[in-house]
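Here is how the chains run, residue by residue.
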Amino acid sequence: MNLICPICHTPLTLHGKTYTCHNRHSYDVSKDGYINLHVVQHKNSHTAGDTATSVQARRRFLAGGFYEPLRDKVGQIIDELAPTSVLDIGCGEGYYTARMARIAQVIGLDIAKTAIITASKTYKNTDIGKHITWVVGTGAVLPVADDSVDICTSLFSPLPKAEMLRVLKPNGHLLVATPAPMHLHAMREKLFDTVNPHNPAKFIGELTPEFRLINKWQIDADLCLDNQSLNDLIDMTPYTYKAKLDRKTALKAQDRFDVRASFCVYLFKRSI
């Protein structure tokens, strides 16, 4: 699984602390261990992806183990497939990525630089960290070589179909996690006047016929949240931007809140 130059798409080779391509484009490995391959030609804004507040809220929340059932299921699926290479698209601060790296070499890629910095700092001096390459980059132009990845994962992240097909090996797999219909329903009832069930399967048709669905699971987790964890859950989701301030303030003031998290996990195999 090789990185490629995001400008000219030729292979990148690591020399010391710098990746270079045949056309002499170069990218330094940061002191924290990540590489920034999100070039200006591919940027739509100066600060793409999640905010620093969202990233740190998610890091604290996930460290509390609330979404551990989902991480365990993702890890189990990957363990059974026994890949040598995984590309985690939209990896965030690396909570799920680190579980993937137990048996495979993993590229953790996210457009949010603050998320990749957090991930690389967290796992820099760990055994797991040795199996992960942290990359700031965009899924729209994956800086990864053709036919080099056994599994692409997208957990609550975009699905750049054409790019995933390009980087996946002919018999490669795609693993997707999305909110189940009633995910965080009790919390959404507090934040919004109207709450519609999530539609987790809405993307499946967009992936056919190139990807064939071969298995699916639903993972539920009942959460009992203290005030800090409740605030972190709100701040790490898009709800924090969409909810009215008075509703969000009232919910954030609660000392305890019970809510069920529900996830749908889908495993696809490349069919074309």
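A brief look at the structure comes next. (Residues numbered from 1 in each chain as written. Predicted model: local features only at pLDDT ≥ 70, side-chain atom pairs only at ≥ 80, totals over all residues. Heavy atoms only, no water.)

With the rule as written, the count across this model stands at 10 aromatic pairs. Seen from their ring centres, Phe-192 and Tyr-239 are 6.0 Å apart, and the 80° between their planes marks the pair as edge-to-face. Here Tyr-239 lies in helix 9 (residues 239–242) and Phe-192 lies in the loop between helix 6 (185–191) and helix 7 (204–207), a separation of 47 residues in the sequence. Just as Phe-192 is buried, Tyr-239 falls in that class too. On the basis of an interplanar angle of 85° and a centroid distance of 5.5 Å, the ring pair of Phe-203 and Tyr-266 is categorised as edge-to-face. Separated by 63 residues along the polypeptide, Phe-203 in the loop between helix 6 and helix 7 and Tyr-266 in strand 11 (residues 256–270) bring together distant segments of the chain. For the residue pair Phe-203 and Tyr-266, the accessibility class agrees, reading buried in each case. Every member of this aromatic cluster is reached through a ring pair, and the members are Phe-61, Phe-66, Tyr-67, Phe-156 and Phe-263. (Phe/Tyr/Trp six-rings, centres within 6.5 Å; stacked < 30°, edge-to-face > 60°. Helix = DSSP H or I, 4+ residues; strand = E, 2+ residues; numbered from the N terminus. Buried < 20%, exposed > 50% of the residue type's maximum accessible area, 1.4 Å probe, protein only.)

Our next topic: the sheet that holds strand 10 (residues 211–226). Spatial strand order, 4-7-6-5-8-9-11-10: eight strands in an open sheet with mixed pairing. Single-partner strands in this sheet number two, and they are strand 4 (34–36) and strand 10. Sheet twist, expressed as the average angle between the axes of neighbouring strands with direction ignored, equals 20°. Bridge count between strand 5 (residues 85–89) and strand 6 (residues 105–110): five bridges; the pairing is parallel. If you follow Ile-89 over to strand 6, its bridge partner there is Leu-109. Helix 4 (residues 113–123) contacts strand 4, strand 6 and strand 7 (132–136) of the sheet and is inclined by roughly 160° relative to strand 7. (Pairing = 2+ DSSP bridges. Axes fitted to C-alpha atoms, helices over the stretch in contact; angles between N-to-C directions. Contact = heavy atoms within 4.5 Å.)

As a further point, take the sheet that holds strand 2 (residues 18–20). Backbone-to-backbone hydrogen bonds join strands into a sheet, with any given pair of strands oriented parallel or antiparallel. The antiparallel open sheet is built from three strands, whose spatial order is 1-2-3. Here the strands that pair on one side only, and so sit at the sheet edges, are strand 1 (13–15) and strand 3 (26–28). Averaged over all adjacent pairs, the angle separating strand axes in this sheet is 30°, with direction ignored. By the bridge criterion, three bridges tie strand 2 to strand 3 in an arrangement that is antiparallel. Within strand 3, the residue paired with Tyr-19 across the bridge is Tyr-27.

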